[in-house]
Amino acid sequence: MSPQKRFKNVQAQNRTSQGSSSFQTTLSAWKVKQDPSNSKNISKHGQNNPVGDYEHADDQAEEDALQMAVGYFEKGPIKASQNKDKTLEKHLKTVENVAWKNGLASEEIDILLNIALSGKFGNAVNTRILKCIIPATVISEDSVVKAVSWLCVGKCSGSTKVLFYRWLVAMFDFIDRKEQINLLYGFFFASLQDDALCPYVCHLLYLLTKKENVKPFRVRKLLDLQAKMGMQPHLQALLSLYKFFAPALISVSLPVRKKIYFKNSENLWKTALLAVKQRNRGPSPEPLKLMLGPANVRPLKRKWNSLSVIPVLNSSSYTKECGKKEMSLSDCLNRSGSFPLEQLQSFPQLLQNIHCLELPSQMGSVLNNSLLLHYINCVRDEPVLLRFYYWLSQTLQEECIWYKVNNYEHGKEFTNFLDTIIRAECFLQEGFYSCEAFLYKSLPLWDGLCCRSQFLQLVSWIPFSSFSEVKPLLFDHLAQLFFTSTIYFKCSVLQSLKELLQNWLLWLSMDIHMKPVTNSPLETTLGGSMNSVSKLIHYVGWLSTTAMRLESNSTFLLHFILDFYEKVCDIYINYNLPLVVLFPPGIFYSALLSLDTSILNQLCFIMHRYRKNLTAAKKNELVQKTKSEFNFSSKTYQEFNHYLTSMVGCLWTSKPFGKGIYVDPEILEKTGVAEYKNSLNVVHHPSFLSYAVSFLLQESPEERTVNVSSIRGKKWSWYLDYLFSQGLQGLKLFIRSSVHHVPRAEGINCNNQY
Amino acid sequence: MDSYNAPESTPSASSRPEDYFIGATPLQKRLESVRKQSSFIPTPPRRKIPQCSQLQEDVDPQKVALLLHKQWTLYSLTPLYKFSYSNLKEYSRLLNAFIVAEKQKGLAVEVGEDFNIKVIFSTLLGMKGTQRDPEAFLVQGLILSPRLEYSGTILVDCNLCLLGSSDPSTLAFQVAGTAGACHHTRIVSKSQLPSENREGKVLWTGWFCCIFGDSLLETVSEDFTCLPLFLANGAESNTAIIGTWFQKTFDCYFSPLAINAFNLSWMAAMWTACKMDHYVATTEFLWSVPCSPQSLDISFAIHPEDAKALWDSVHKTPGEVTQEEVDLFMDCLYSHFHRHFKIHLSATRLVRVSTSVASAHTDGKIKILCHKYLIGVLAYLTELAIFQIE
């Protein structure tokens, strides 16, 4: 702070001590004096000061006027004065202006509240004063307590009281502390008797009530009031809050349609409240308000189980209260220390209270609460998981539109429910057992159309387990649908199997590194797990080979298949799992002979990654000879080399049908293709031919006829550069790694030494 | 009888040989059983013919009378979390207030107040297959007649002597508190006074039971009470309210239990196989032919002794019913019908079976007629309920 400012603050402090006050600067000074611990307010005002400097002159004038006005009100009406009304009006105007513009400091509020409720002035003046008591930032609790004490004296009229309660409800969030006010609970409660005040007092009590305020005698009192006044919305709201805190004492069920329970007390101060909120933006936490949900019973026939499918979050106080008589001391202690769910707002809160969290009465409600999902995820408490398991399995079964006949009108609801589950699974990165069980039961009955994307996503979240066990339950049924459905269905199945593989791999890689108790009872060894994964990959290989035949080598389908293998080829490096599985020949050759450049490019990329993974595996084996269990069989290497030879033979050395694909020369002659040898190299391969032509045209645009065979020698490497520049990254990586480029086509050295 | 104390006195749950599942959590056991179920035929191919059970002898005959000759709607129910048999009184108070609050939407009621609706919880002693099965219990919703103050004063009197208090406000509270406690005596008094009009009319009855529920009991921990079969009689709106309360309080889940044609034919065979001293009803089958605009129903009634004779001719294994026998039994009926009417019943859907033992409808409605085979019928229904919740 600059010396000048400090001076100003000192000045301000002096002024406060003299009894007069000003706003802005003095507020901060006052704060310093009153509440040195409240550093947030101080720093905030520190920031505001520079701005204050510019408008200093204006503010000063206003400040002084306000001081005078407040001073005037404090002294009380001067009887003798002739132009009393005029002065009063002037001062009122001043206060109103300042209040609506910038708000009042808390000690000014203190004084004004005092004046308004003490009845020194007339009713009209009191009303005007109350209406303009708008805090700059906060209202001190003490002033409210003092004001309430005026209510007991009986000096203010009924309408002033009503206005005061409305003011209190509207400003409730800006009162700095509420402990003292809560001690006055009994007083407020007694004011319920007053018919005019009742709605507003109800609202205030609704905001104020804590669990310890709910007492049997109060419950009875409220019920008496209800009997007297009938079904009043404000009373209903308060009663349902009581029910929430003490379900063993009271029971109420709110009508479904009712939405508004309180008369809007905030109306008078709407804009001012917004302004205060903006001024307070940083430190004030969002006030905690309990939601009033309608009752959950749906008297509709057939579907009484669900208003919304997912139950509303509610603490389990219900069941605890039930066993009241036998409650032990430890239970009591636990209960006082337990953390109510309704207060759970943030992740740090969850971490601090994770040991004493009150669980919801219906476990299904966690599905809508991300914080509790975290809890479900890390908790090892069997009852919690079992409750969730049962709820989810039954709900899925009950809601599933094809599991039961004539359930189709709720299709939309079911889709939304599945979406919620999938969101939760994605959030947790973990599948639920209930969903797996549901898939086993419902997949045989599924038509492959209903909620397709949701259903297939559920498949991709099946928790890791032994493939040979899951296969007859799931994949065999899925295969039937797969083979008999359209190409789009096939693609989406492959997509979800890719995601399944990825989820399993992630899970396993975590499992290996963290070494917790393995979750699956069967696959206890890494070898077993790897075996399961490789079976899945082989199964998908079989599916895709057959699908390629059925769809007559569709490029579209091949894209999805290669996407799957892009995951497969990188298992060793990406997930650090000892597994390399190659693709079946049906896929490899289809891709190699494809007419689509991007397919070939993808194939090159996959071959490149396979090579990387196998090299890394080989290196590791040489380093640590002990881990012999997971040595890849030489068959894998042979297979890879075979593919590599074919590929290099086709694309590079122009010896396509010698080593890799063996085709009898006689047959080749019968085809009538004269130069079959180089017809599959990077220049002549059908998928590259267009590149070759455009490359040549680029070289010599005026040429009428192009001879692609002219690409050789130096031009060959230019051509390669051209191809790479066209975005064929896979090809680039493949050639860089697998082909030691010597400018002559014959000088190829394939790495076949694995 | 000490069978009531049985659940506490048999801590065998922990000492059972569980080595097979060592290390596996209940959830995994669940999943295992689901897998087993889904991979094989849904039901085991042989079952015992219902026998009169020893435990059943202990059941209070008045309560059994409540259960017989009534049409029950079946529900399956997942295990109840933290349900305690010692809190039945408290539950009845809470449920009572809940029902009243639901009935008069928006109006709050005090728990324990005297209402014109009264809910009574009571256990059905001995209604179990094995000692390990949890005790079954009955929930009754009574509507009290307007001359309620009469029965009310009886209660107040007995409370007066207990409390020696004359303060009317505490009295009201205490009456409410003890009302549940008196239910046993009240039921007895009900039978003593045949004109029990002032006692109130039973509006709704429901009961929870588990007969030979071993397969379910094995997979849950002690926090849960497994009563997988729930039977309700009364307006569905009442079932909805009461079911909702149970779902909220014990985190369980009710789902309607339908009986498919396959299980109905099993029921037909098993119930025909029961030895009866005298038959009270004809054996009747109902098939439905789904044709528009109106579906066609075919009823086929057989004299129960003829049905029994037919069963005896196909029956091979003593004391048991096998899948082949069930199929053969039904095939005989079909071929007989075809011979006379040239209609292939196997192409239609079996929707109802009624015998002298019990009758069942595919919508999940059941009526039990024979006291002797009550447990046997319930055992099969429990099996179906467990199958549905797993």
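In every chain, residue numbers begin from 1 and rise along the written sequence. To label them, take the chains in the order written and letter them from A, then take the ligands in the order written and number them from 1. Local features are withheld for residues below a pLDDT of 70 in this predicted model, meaning they are given only at 70 or higher, and side-chain atom pairs are given and counted only at 80 or more; totals for whole chains, interfaces and linings count all residues. Side-chain descriptors were evaluated using all non-hydrogen atoms of the structure, hydrogens and water having been removed beforehand.

In plain terms, the rule: UniProt positions are given in the numbering used here, feature names are shortened, and annotations may be inferred rather than shown by experiment.
Identification of chain B as Centromere protein L from Pan paniscus is taken from an unreviewed UniProt entry. In UniProt, chain B has this text filed under Sequence similarities (unreviewed entry): "Belongs to the CENP-L/IML3 family."

Chain A has the name Centromere protein I in an unreviewed UniProt entry, where Pan paniscus is given as its organism.

## Focus on the overall build of chain B
Selection rule: Secondary structure elements follow DSSP: runs of H or I of four or more residues count as helices, runs of E of two or more count as strands, with numbering from the N terminus. Pairs of residues are marked as contacts when any of their non-hydrogen atoms sit within 4.5 Å. Residue-level accessible areas treat just the shown protein chains as cover; the underlying method is Shrake-Rupley with a 1.4 Å probe.
The secondary structure content of chain B amounts to 14 helices and 16 strands. Across chain B, the fraction of contacts at a sequence separation of at least 24, relative to all contacts at a separation of at least 6, is 74%. When the accessible surface of chain B is split by element, carbon and sulfur atoms take 57% of a total near 17,100 Å².

## Some remarks on the packing of helix α11 (residues 261-273) of chain B against helix α13 (residues 323-341) of chain B
All names here are of chain B. Heads up, the condition is: Axes, fitted as lines to C-alpha atoms, cover a helix only where it is in contact. Angles between the N-to-C directions of the axes lie from 0 to 180 degrees. Each angle gets one of four labels, with under 35 degrees taken as roughly parallel, over 145 as roughly antiparallel, 65 to 115 as roughly perpendicular, and the rest as oblique. Any residue outside Ala, Val, Leu, Ile, Met, Phe, Trp, Tyr, Cys, Pro, Asp, Glu, Lys and Arg is labelled polar, Gly included; the first ten of those are nonpolar and the last four are charged.
At a minimum axis separation of 9 Å, α11 and α13 run at an interaxial angle of 90°. In terms of their interaxial angle, α11 and α13 are classed as roughly perpendicular. Here F262, S265, W266, A268, A269 and T272 of α11 lie close against α13, whose contacting residues are Q323, V326, F329 and M330. When grouped by side-chain class, the residues that make up the contact of α11 with α13 number seven nonpolar, three polar and no charged.

## Points about the state of the cysteines
Going by this rule: When two cysteine sulfur atoms lie within 2.5 Å, the pair is treated as a disulfide. The cut-offs for exposure are 20% and 50% of the maximum accessible area for each residue type, with area from a 1.4 Å probe on protein chains only; residues under the lower value are buried, those over the upper are exposed, and the others partly exposed.
Per the counting criterion, the structure on display carries zero disulfides over all chains. With no disulfide of its own, C604 of chain A lies closest to C650 of chain A among cysteine sulfurs, the gap being 11 Å. Using a relative accessible area of 0% as the deciding quantity, one classes C604 of chain A as buried. This cysteine, C370 of chain B, is not joined by any disulfide, and C274 of chain B carries the nearest cysteine sulfur, 7.3 Å off.

## Here's the deal with the packing of helix α12 (residues 198-208) of chain A against helix α14 (residues 233-245) of chain A
Residue and element names in this part refer to chain A. What counts is decided by this rule: Each helix crossing is assigned a hand: it is left-handed if the near helix lies turned anticlockwise from the far helix by less than a right angle, otherwise right-handed if that turn is clockwise.
Put simply, α12 and α14 touch, their axes get as near as 9 Å, and they point 25° apart. Considering the angle they form, α12 stands roughly parallel to α14. At the point where α12 passes α14, the crossing takes the left-handed sense. Side by side, α12 and α14 meet where C198, P199, C202, L205 and Y206 of the first sit next to H234, L235, A237, L238 and L241 of the second. By residue class, the composition of the contact of α12 with α14 is nine nonpolar, one polar and no charged.

## Let's talk about the domain arrangement of chain B
Size of an interface: often given as the accessible area lost when the parts come together. All names here are of chain B. Stated precisely, the cut-off is as follows: Where each domain begins and ends is defined by an automated method or by a domain database. Salt bridges, as used here, are contacts in which a Lys or Arg side-chain nitrogen is within 4 Å of a carboxyl oxygen on Asp or Glu. Nitrogen and oxygen atoms within 3.5 Å of one another constitute a polar contact, given that in protein one can donate a hydrogen and the other can accept it, and given that sequence-neighbouring residues count only through two side-chain atoms.
Assigned domains of chain B: these are domain 1 (48-105 + 113-145 + 198-258) and domain 2 (259-362). On a C-alpha basis, the centres of domain 1 and domain 2 stand 30 Å from each other. Facing six residues of domain 1, the contacting portion of domain 2 comprises 10 residues. Counting every contact that joins domain 1 to domain 2 gives zero salt bridges. Remark: the boundary between domain 1 and domain 2 carries zero residue pairs in polar contact (both at pLDDT 80 or more). Looking at the side of domain 1 that touches domain 2 residue by residue, the classes come out as five nonpolar, no polar and one charged.

## Description of the pattern of salt bridges
All chains considered together, the criterion is met by 15 salt bridges over all chains. In this structure, R47 of chain B and E383 of chain B form a salt bridge, with 2.7 Å as the shortest nitrogen-oxygen distance. Remark: E383 of chain B occurs in helix α14 (residues 374-389) and R47 of chain B occurs in strand β1 (residues 46-48); sequence separation between them is 336 residues. When the shortest N-O distance is used, the salt bridge between K308 of chain B and D312 of chain B registers 3.4 Å. Placement of the pair is K308 of chain B and D312 of chain B together in helix α12 (residues 304-314), with a separation of four residues, close to one helical turn. Through salt bridges with shared partners, one network takes in E89, K93, E96 and R128 of chain A.

## Description of the environment of D327 of chain B
Residues and elements named next belong to chain B. Residue position: D327 is located in helix α13. Residue D327 is classed as partly exposed on the basis of its relative accessible area of 38%. Put simply, D327 and F262 are 65 residues apart on the chain and 9.6 Å apart in space, counted from C-alpha to C-alpha.

## Some points on the packing of aromatic side chains
Where we set the bar: Ring geometry is summarised as follows: Phe, Tyr and Trp rings, the Trp one being its six-membered ring, pair when their centres sit within 6.5 Å, and such pairs are stacked at plane angles under 30 degrees, edge-to-face over 60 and tilted between the two. Our definition puts a charge over a ring when NZ of Lys or CZ of Arg is within 6 Å of the ring centre and also within 35 degrees of the ring normal.
Counted under the stated rule, the structure contains 67 aromatic pairs over all chains. One cation-aromatic arrangement involves K178 of chain A over F172 of chain A; the distance from NZ or CZ to the ring centre is 4.9 Å. When the ring centre of Y81 of chain B is taken as origin, the NZ or CZ atom of R387 of chain A, which lies over that ring, is 3.9 Å away.

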